[in-house]
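Structural characterization, general
Each chain, written out:
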Amino acid sequence: MANWELVSSAASFGGQQQRYRHQSDSLNCQMHVSVFVPPQAQKSHRLPVLYWLSGLTCTDENFVIKASAQRIAAELGMIIVAPDTSPRGEQVADDQGYDLGQGAGFYVNATQAPWDQHYQIYDYIVEELPALIRQHFHCKQKASIAGHSMGGHGALIVGLSNVQQYMSISAFAPIVNPMECDWGKKALGAYLGDDTTHWEQYDACHLLKQQGQFLQLPILIDQGLDDDFLTSQKLTKPFDELTKKINYPAQVNYHPNYDHSYFFIATFIETHLRFHYKHLMSQ
């Protein structure tokens, strides 16, 4: 099998919604990636790229089916890359819970057995996948990154830790303080062990506290106030409070009546795409 094989392609707003599979060196398994290729890809200029990281239980397909992003991406001429949320396969360690194992990679590099054999998804998102995208698509060198829930956590920690690679960060209902919420404690403890100092590099609040005065990346966050996980999983607010404390110019919006679902994402995805496009085109 070729290391970048087209599995499916469907016309969408003049572009193509495509799905690829490849053998991942980082994750030691076969992976699927969904890519929206806008109609402007036929021209010679390099296109902006947005990476979208999905949340717990999702695959690479949830966003492209449910978020209604293709119309605006086609208008803007933006490539959207949506990877899977974890390694997959019969040989890949898993858990009976929805919040650990396959579908719940938490965008970390696992150090504990049996997870360390495959769960190096931080390296996959930061290094391996962007190299493949640059190889197969005519795109700008720097990208932007966004995500939802666990994927919002991923977008924040990846963007804040690799400012040289990204032009902007955004998130919907992100897990911002995984060291202090049940989802995060379970996943980080399993993947990284009991020493919480090893968790800090994967906690957006810790990263912002340590690096905020040196960072320049624009950040946009949207949060529904009817989100069932808002308080229990410490979504958005701890990060928002910290940006105000250190005077970091993040834009955080709260929306009455909206929950944690893709209906919420679909409502505000256009704002996020235009936000990223503005910053992507400044390079």
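Just so we're clear, the structure is a prediction, and the values are computed from it rather than from any experiment.

**Quick word on the pattern of salt bridges**
Across all of its chains, the model carries nine salt bridges by this definition. A salt bridge links E5 to R21, with the shortest nitrogen-to-oxygen separation between them at 3.1 Å. Remark: R21 occurs in strand β2 (residues 15-24) and E5 occurs in strand β1 (residues 5-12); sequence separation between them is 16 residues. E5 gets classed as partly exposed once you look at its relative accessible area, which sits at 25%. Several salt bridges share partner residues, and in doing so they unite R71, E75, E270 and R274 into one network.

**Overview of the packing of helix α6 (residues 204-211) against helix α7 (residues 237-246)**
Axis separation between α6 and α7 bottoms out at 10 Å; the angle between their running directions is 5°. On the basis of their axis angle, the class for α6 and α7 is roughly parallel. Where α6 abuts α7, its residues A204, C205, L208 and K209 lie against P238, F239, L242, T243 and I246. Counted by class, the contact of α6 with α7 contains seven nonpolar, one polar and one charged residues.

**Section: the packing of aromatic side chains**
Working definition: an aromatic ring pair is given by the centre-to-centre distance plus the angle between the planes. A complete count under the given rule lists 14 aromatic pairs for this structure. Ring geometry for W4 versus Y20: centroids 4.6 Å apart, planes at 15°, classification stacked. Highlighted residues: W4 in the segment before β1 and Y20 in strand β2, separated in sequence by 16 residues. According to the relative accessible area criterion, W4 is buried, its value standing at 11%. Centre to centre, the rings of W183 and F229 are 4.7 Å apart; their planes meet at 45°, and the pair counts as tilted. You can see W183 sitting in helix α5 (residues 182-192) and its partner F229 sitting in the loop between β8 (219-224) and α7, a full 46 residues away along the chain.

**As for the side chain of H276**
Inspection of the secondary structure puts H276 in helix α8 (residues 262-280). The exposure class of H276 is buried, given its relative accessible area of 0%. Residue contacts for H276: discarding those within four places in its chain leaves L50, M78, S144, I145, A146, S168, I169 and S170.

**Here's the deal with the pairing of strand β6 (residues 143-148)**
Burial within β6 is extensive, with six of its six residues counted as buried. Because side chains alternate across β6, one face comprises the buried residues A143, I145 and G147, and the other comprises S144, A146 and H148, equally buried. As paired elements, strand β4 (residues 49-53) and β6 share four bridges and run parallel to each other. Bridge pairing links W52 to A146 in β6. Sheet topology note: the β6/strand β7 (residues 166-172) ladder contains five bridges and is parallel. In the sheet register, G147 faces β7, and the bridge partner there is A171. Between the parallel pair β6 and β7, the chain is carried across by helix α4 (residues 150-161), and the sense of this crossover is right-handed.

**Here we look at the sheet that holds strand β3 (residues 29-37)**
Ordered by their spatial adjacency, nine strands build an open sheet running β1-β2-β3-β5-β4-β6-β7-β8-β9, and the pairing between neighbours is mixed. Across the chains shown, the open sheet's two edge strands, defined by having one partner strand only, are β1 and β9 (251-255). When the angles between neighbouring strand axes are averaged without regard to direction, this sheet yields 15°. Running at roughly 120° to β2, helix α3 (residues 121-136) makes contact with β2, β3, β4, β5 (79-83), β6 and β7 of the sheet.

**Considering the environment of C29**
Topologically, C29 is positioned in strand β3. Take C29: its relative accessible area is 1%, and that puts it in the buried class. Along the sequence, C29 and K237 sit 208 residues apart, while their C-alpha atoms lie 36 Å from each other. Beyond its immediate sequence surroundings of up to four residues, C29 is in contact with H22, Q23, S24, P87, R88, Q91, V92 and H118.

**Some words on α5**
Among the residues making up α5, those that are buried are W183, G184, A187, L188, G189, Y191 and L192. One or two steps after α5, the chain reaches G193, where phi turns positive at roughly 95°.

**Digging into the side chain of D84**
Relative to the helices and strands, D84 resides in the loop between β5 and α3. Overall, the relative accessible area of 5% leaves D84 in the buried class. Among the polar contacts made by the side chain of D84, one reaches the side chain of R88 at a distance of 2.9 Å. With near-sequence residues (within four places) excluded, D84 lies in contact with M31, H32, C58, T59, D60 and I121.

**Focus: unusual backbone geometry**
The amide bond that connects A113 to the next residue, P114, takes the cis arrangement and shows omega of 0°. Here T57, not a glycine, exhibits a phi torsion of approximately 75°, which is positive.

Conventions used here
- Residues numbered from 1 in each chain as written.
- Predicted model: local features only at pLDDT ≥ 70, side-chain atom pairs only at ≥ 80, totals over all residues.
- Heavy atoms only, no water.
- Salt bridge = Lys/Arg side-chain N within 4 Å of Asp/Glu carboxyl O.
- Helix = DSSP H or I, 4+ residues; strand = E, 2+ residues; numbered from the N terminus.
- Buried < 20%, exposed > 50% of the residue type's maximum accessible area, 1.4 Å probe, protein only.
- Axes fitted to C-alpha atoms, helices over the stretch in contact; angles between N-to-C directions.
- Parallel < 35°, antiparallel > 145°, perpendicular 65-115°, else oblique.
- Contact = heavy atoms within 4.5 Å.
- Nonpolar A, V, L, I, M, F, W, Y, C, P; charged D, E, K, R; others polar.
- Phe/Tyr/Trp six-rings, centres within 6.5 Å; stacked < 30°, edge-to-face > 60°.
- Pairing = 2+ DSSP bridges.
- Right-handed = clockwise from strand over helix to strand, strands pointing away.
- Polar contact = N/O pair within 3.5 Å; in protein donor to acceptor, adjacent residues only side chain to side chain.

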